[in-house]
Amino acid sequence: MNKAALLGTAIALLAPLAHAAPVATTTAYDDLTLTAADMPSAPAGKLLTLTVNGVEMPLVPGHYAGKVVLSVTDDIPVKYHDLPEHHFRAAAYVTDGALDPARSVTAALAGGYSSQPGVLSNAVITSHGERFNGITVGGKGAYRIDHPVIDLVGNGGNDFAGFGAGIAARDQAQVTIDRPVIRTRGAIRTAIFVGGHSDVTVNDAEIEVLNGTLPADYKFTVDVGKMMEVPWMLGLSGNVRATNLVDQGTVTYNRSHIRAQGWGAMSTDDNTHVRMFVNDSVIETVDSGYGCYSIGDSVDTFSRSIVRAADVACIMAAQGSVTFTNGTRVHSNRYGIVMHSGEGGGTLTIDKGSVMDSAQTAILVKGLGTNVVVDGAQVSAGNGVILQSMENDDPFMVAMLKGEIPEGMTALPPGMSGPPPGAPKGPPISPDVTATFRNTTVAGDFYNARPKGSGMALRFENASVTGRISTSTVAPASGAAPRRATYQEVGHVVNTAGAIPGGKGLSVTLGAGSVWTVTGPSYLTALDIAPGAKLNGTLRVNGRAKTVKPGRYTGQIVLSAK
């Protein structure tokens, strides 16, 4: 974000103007007129906030009547990477389990709230200004926020740092949030932010975030802390994430409804080690966006929940992992899972009666290695492609692989350049795609379109599969490589099945109790048929017809429908 956009309407909060009239302490007015020539300012080390009838307002020239308060609070400086220091203001600032009046704009706490040791209840917070936080909890110790009602209008400041979030947890805080109602309307105006080493539990939430208007001088960027909209090369649009989990935080959402207009609902980013648990909840993106995003050492687990996504149910980046379990139901209007960026190494698990259906490819793996386990669950795809491995067609990734730096990027996104400095080194990450389908019936095709650099190993155990399984080549479905104007074509490809000489190829193992019914020409490099397994189709190995029976076959394998 550029300097002008960072300061915006809050410039009077950060530094005195020439001819400013300092306000030494919090002051109430029945009537207040502010002019450009004589704007109030805060003393050094303090911040100034305007509220009118309990609503936080931009500090700009105008006439204000009613219960008008200019609140003077201690600065809350927050440093994020190498960006200029952020200066947080919050209706309620909690540290070490206690509300800190010196750093809280209590004039923005309405609704007959109650503040007791360790708990804030029934706070109503309304903000019509930019970069104002509802409730921020830091330090150590436990704290409970009961039934906050928060409505924020205007853009946030940095959703990687929780600048402008409805509720933000930091440091080593242990926070329980019961019955929150949070609505935001603004770019990067996150509803719930979890960072530091904090551990947050959210119960019975109603959360909705709506897109805002980007600053007139904003230029697209994917640099962390500066981006104000979703990277378009993900095939998405929008400019606000409902939630964000960073650093080494842990968050659990129980019985909650979380809805985002665009970008995404449940995000992780810029992390070292994070864990997200979503139970008995409904997660939605409406116009565009993902249900969840898992990057780096991140695991997003959904249990007994519903995920309805406009574009992608979940995106897995770098080593990120996702689990759908205990009857979770997942629907996407485009892709089920998209894996992109970095070397991979994460695991997708869909089990215990969960169901995932998508209008296009169910599991799209782009340029990385991964592990997929489907056990006692159902996966379906409207375009008939269950699993697709291909080179990354993300225009930014294509440019970087050529040694170019795309416009809008000055540094690699988190997770793409390997583990953070000082992080323990794990085993080397395999570039291969391995997938096990167990105790399930699946109808659709499986393609490995990057067999030279990445093998694909499929294993079916007590499973029935009807479709083609083959190495292939791919081409853009539109006939042209995707670009910003055609961002929704990212990942949209057509396959041509065929043998690809050299490389790692594609292997299939049919375990006992499994059945594969071949529906079209399929090209493999290895095939294992266990006793008790069945293959419905014809088999040729290195050009010679073979009788289908249990055993191992290697070489140039071609299967066809009977």
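Residues numbered from 1 in each chain as written. Predicted model: local features only at pLDDT ≥ 70, side-chain atom pairs only at ≥ 80, totals over all residues. Heavy atoms only, no water.

Quick look at the overall build of the protein chain
Applicable threshold: In this text, helices come from DSSP runs of H or I with a minimum length of four residues, and strands from runs of E with a minimum of two, each type numbered from the N-terminal end. A radius of gyration in this sense is built from C-alpha atoms; the matching globule rule multiplies 2.2 Å by the number of residues raised to 0.38. Think of it in three bands: with a 1.4 Å probe and only protein chains considered, a residue is buried below 20% of the maximum accessible area for its type, exposed above 50%, and partly exposed in between. Working rule for contacts: check all heavy atoms of both residues, and any pair within 4.5 Å makes them a contact.
Looking only at helices and strands, the protein chain features 3 helices and 55 strands. Computed over C-alpha atoms, the radius of gyration of the protein chain comes to 26 Å, within 12% of the 24 Å expected from 2.2 N^0.38 for 562 residues, which places it in the range of a compact globule. On the principal axes, the C-alpha backbone points of the protein chain span a range of 90 × 45 × 40 Å. Sorting the 562 residues of the protein chain into buried and exposed places 55% on the buried side. Across the protein chain, every contact between residues at least 6 apart in sequence was considered, and the portion connecting residues at least 24 apart equals 67%.

Considering the sheet that holds strand β46 (residues 464-467)
Where strands meet in a sheet, backbone hydrogen bonds hold them as pairs that are either parallel or antiparallel. Cut-off, in case you're wondering: Being paired, for any two strands, means DSSP has found at least two bridges between them. Orientation is described by lines fitted to C-alpha atoms, with helices fitted over the stretch in contact, and by angles between N-to-C directions that extend from 0 to 180 degrees.
A sheet is described by the order of its strands in space; here 4 strands give the open sequence β43-β46-β50-β52, paired in parallel fashion. The open sheet has two free edges, formed respectively by β43 (441-443) and β52 (534-536), since each of these has just one partner strand. The sheet shows a mean angle of 10 degrees between the axes of neighbouring strands, taken without regard to direction. In the sheet, β43 pairs with β46 via 3 bridges, with the strands oriented parallel. Across the sheet, residue Val442 finds its bridge partner in β46, namely Val465.

With respect to the packing of aromatic side chains
For clarity, the threshold we go by: Here is the rule: rings of Phe, Tyr and Trp (six-membered ring for Trp) pair when centre to centre is within 6.5 Å. Planes less than 30 degrees apart are stacked, more than 60 are edge-to-face, and the remainder are tilted.
Counting across every chain of the model gives 9 aromatic pairs. Considering the side-chain rings of Trp232 and Phe396, the 6.1 Å spacing of their centres and the 90 degrees angle between planes classify their relative orientation as edge-to-face. Taken together, the positions of Trp232 in the loop between β22 (206-210) and β23 (241-247) and Phe396 in helix α3 (residues 395-401) put the pair 164 residues apart, joining distant regions of the chain. For the residue pair Trp232 and Phe396, the accessibility class agrees, reading buried in each case. Relative to Tyr293, the ring of Tyr290 lies with its centre 5.4 Å away and its plane at 40 degrees, an arrangement referred to as tilted. As far as the burial class goes, Tyr290 and Tyr293 line up, both buried.

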